[in-house]
Amino acid sequence: MSCEKKPVAPCREGHDMPISPLPPEVVAQIAAGEVIERPASVVKELVENALDAGASRISVEVRNGGIDLVEVVDDGCGIEPEELELAFARYATSKLRSLGDLSCIVTLGFRGEALASISAVAEVELASRPPHLEHGAWVKVRHGKVVTKGWRGMSPGTHVRVRELFKAQPARRKFLRSPQAEARAVAQVMANYALAYPHVSFSLTLDARPYLHTPGSGQLREAVASVYDADLAAMLVLVDGEDSGVRVQGLVSPPGFHKGTPSYISLFVNGRWVKDRRLPRVLEAVYQGLLPSQRYPVAILNIWIPPAEVDVNVHPAKAYVRFRDDEAVARALVRVVRQALVDKAGPPQISLASSLKGSDAQASARGEGGQATRDALPTLQVVGQVGRLYVVAEGPDGMYLIDQHAAHERILYEELLRQIQARRPALQSLLTPLVVQTSPGERGLIEEWLDHLRAHGFELEALEGGAYLLRAIPQILAGRDPLASLFSVLEELPKRHVQGDRVAAVIACHAAVRAGDLLSEAEMRELVRRLALAEVPHTCPHGRPTLVRIGADDLARHFGRR
Ligand SMILES: Nc1ncnc2c1ncn2[C@@H]1O[C@H](COP(=O)(O)OP(=O)(O)O)[C@@H](O)[C@H]1O
Ligand SMILES: [Mg+2]
């Protein structure tokens, strides 16, 4: 994917914005504060400066977790020699002038305090050469004071070397973690920026060992391959869409692929990595019913929004942002990502080679390592049923095995969600209402879930003494014993963890055909037809796959036909 939209106004075109001190009324308005806590914060600030300078290559070298050395070299627009010392003054910046600018920030930095803060707690040597000059100028600043300066030959760009971090602040040095832990934090910062800026080549060296290198090709998939791995990058689904002025671009994992930690979720707003908790929660809502509980998607997403719609001036480390319209951003995120998943994600594919090895195949069938094809469900011809459990079907690209229970669960789940959205649950009234005698545990469950149960068609009326009167049940449970259905739903509710509508998932599970049910050919055809119409046909509401494909190529290879 190419990121044609550049997030920040990179270089000061024609250098029309020199570095100058911010007026006091602007200083009073900025969420200033100490931003240097650890080596990773030094790296973050220096990398942001390089990005603001329009660099296309940024290399970072770190020794001893950054405690001994942090060095950042960029090929950006450089600093004019006469502005070099001013760059170290607190609240001196080339990126902001007036209060008005504060509401429309397009650069990563804007407060002019990073270099001042870093040089207050370390020794900083900064050399810089704007491309129009023959030589670079350098300055060494220690504890906020210029120690030496001069000229030197160098290629265009800026070179910053930070040493002796917190040497004069032993208390703060004590708060640092082990060099390994500090190095990990640096690597995390670099990984985030490498993912947010695929058109910039990043390299990181830790104690003289290359740790990360991204090509800077502009292809996000290539950046992801460098930061994580190529297999993961290849299976991600492209996201690129707009909803009421909010553009969402990036890559996300297909349904059925998930991780045990949320750390593969990287979200950026206008090219700025944000720590925000709300956005990942919105993303979890997108994956409702697509992942098992306690599992997380992989997502690298950049949200582009007009700068005036977002306030970045709310946190000293600029890690949080405030949107003028939270709802609009959440809506765009949900719609654009969901659309990409519906359009692009296909069923997990079993590789025959690995299926013969056993355990790999099981993992693949669970969708953990399964390759996802990126097309929607094709037209499938039913061939038959295996083990009273799987429907065998033929598609244009191979053979499909459909888990009859999981598939039916998915179909019914979506039907129930549609009814809930339309606030019209299909219900079956009972000819004679039934009295529901409950144990204290069951009563607690009914009380906890009463609104949801009612919304889905369980018409329950509280009686004296803890009993209930059941007047109707959801239509899809018609024909089953009403009381037994209610109790099995109650029994399952605490057990089934679903990110979506838990009551709907439990009802769907209860109503769906089971493993062991013999299906007629007409029933199998109907099942496959309705699955193809499902919004997310590839997983059941609990995130298990509904079907797997064995590719025609794979079969041919296996039988030595290719
Ligand atoms: N790598 C760099 N390339 C070009 N200019 C830089 C670089 N680093 C710092 N500067 C200049 O120094 C100024 C001060 O930097 P900094 O203290 O980080 O504050 P801010 O980024 O908020 O402006 C910046 O506004 C910019 O003009
Ligand atoms: Mg800065």
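Residues numbered from 1 in each chain as written. Chains lettered and ligands numbered in written order. Predicted model: local features only at pLDDT ≥ 70, side-chain atom pairs only at ≥ 80, totals over all residues. Heavy atoms only, no water.

(A) Molecular detail of the overall build of the protein. Along the backbone of the protein there are 17 helices and 26 strands. Expressed as a percentage of its 562 residues, the buried residues of the protein come to 52%. Sequence-distant contacts in the protein: of pairs separated by 6 or more residues, those separated by 24 or more amount to 71%. Summing over all exposed atoms, the protein offers an accessible surface of approximately 25000 Å²; the carbon and sulfur share of this is 52%. (Helix = DSSP H or I, 4+ residues; strand = E, 2+ residues; numbered from the N terminus. Buried < 20%, exposed > 50% of the residue type's maximum accessible area, 1.4 Å probe, protein only. Contact = heavy atoms within 4.5 Å. Areas by Shrake-Rupley, 256 points an atom, 1.4 Å probe, with all protein chains shown as cover.)

(B) Structural context of the pairing of strand E8 (residues 157-163). With respect to burial, E8 is a largely interior element, five of its seven residues being buried. Sheet topology places strand E3 (residues 69-74) next to E8; six bridges connect them, and they run antiparallel. Bridge pairing in E8 links valine 72 to valine 160. For strand E5 (residues 123-129) and E8, the ladder comprises seven bridges, and the chain directions are antiparallel. Residue pairing in the sheet places leucine 126 in a bridge with valine 160 of E8. (Pairing = 2+ DSSP bridges.)

(C) Layout of the sheet that holds strand E25 (residues 468-474). Taking strand neighbours across the sheet as the criterion, the three strands line up as E23-E25-E24 in an open arrangement whose pairing is antiparallel. Strands at the two margins of the open sheet, each flanked by one partner only, are strand E23 (427-436) and strand E24 (459-462). On average, each strand axis in the sheet is inclined to that of its neighbour by 15°, with strand direction left out of account. Looking at chain direction, E23 and E25 are connected through six bridges and run antiparallel. Within the sheet, the bridge partner assigned to leucine 427 lies in E25 and is proline 474. Across the sheet, helix H13 (residues 440-455) is in contact with E24 and E25; its angle to E24 comes to roughly 135°. Sitting on the sheet, helix H14 (residues 482-492) touches E23, E24 and E25, and the angle it makes with E23 is about 85°. (Axes fitted to C-alpha atoms, helices over the stretch in contact; angles between N-to-C directions.)

(D) Quick look at the site of ligand 1. Taken together, 20 residues sit near ligand 1, with Asn49, Thr93, Ser94, Lys95 and Gly112 positioned nearest. With respect to ligand 1, the side chain of serine 94 contributes an N or O atom lying 2.5 Å from an oxygen atom. Here an oxygen atom of ligand 1 sits 2.7 Å away from a polar atom, N or O, in the main chain of glycine 112. About the coverage of ligand 1: the protein hides 97% of its 520 Å² of free accessible area. If you list the elements that add at least two residues to the shell around ligand 1, you get helix H2 (39-52), strand E4 (92-93) and helix H3 (114-120). (Near = heavy atom within 4 Å. Polar contact = N/O pair within 3.5 Å; in protein donor to acceptor, adjacent residues only side chain to side chain.)

(E) How the structure looks around unusual backbone geometry. Positioned with a positive phi, glutamate 164 is a non-glycine residue whose angle comes to about 55°. As for its position among the elements, glutamate 164 is in the loop between E8 and helix H4 (170-174). Even without being glycine, aspartate 207 reaches a positive phi, approximately 45°. In this structure aspartate 207 comes out as partly exposed when scored by relative accessible area, which is 40%.

(F) Representation of the nonpolar core in the model. The biggest cluster of nonpolar side chains holds 67 residues, and the ones touching the most others in it are Ile58 and Phe202. Each of domain 1 (13-207) and domain 2 (236-344) gives at least three residues to this core. If near-sequence neighbours (up to four positions away) are discounted, isoleucine 58 is found in contact with Val47, Ala50, Leu51, Val72, Val73, Asp74, Val200, Ser201, Phe202 and Ser203. (Core = buried A, V, L, I, M, F, W, Y, C linked by side-chain atoms within 4.5 Å. Domains from an automatic or database assignment.)

(G) A look at the pattern of salt bridges. Under the defined criterion, the tally for this structure stands at 25 salt bridges. The salt bridge partner of arginine 38 is glutamate 182, with a shortest N-O separation of 2.9 Å. Placement of arginine 38 in the loop between helix H1 (24-29) and H2 and of glutamate 182 in helix H5 (residues 179-196) is noted, with a sequence separation of 144 residues between them. Of the residues examined, arginine 38 reaches a relative accessible area of 23% and is grouped as partly exposed. Between arginine 544 and aspartate 403 there is a salt bridge; the shortest N-O distance is 3.5 Å. In this pair, arginine 544 sits in the loop between helix H16 (521-533) and strand E26 (547-551) while aspartate 403 sits in strand E22 (residues 398-403), placing the two residues 141 residues apart along the sequence. Classification of arginine 544 as partly exposed rests on a relative accessible area of 40%. Taken together, the salt bridges that share partners define one network made up of Glu123, Glu125, Arg142, Arg152 and Arg163. (Salt bridge = Lys/Arg side-chain N within 4 Å of Asp/Glu carboxyl O.)

Purely geometric stuff here, so don't read any function into it on its own.
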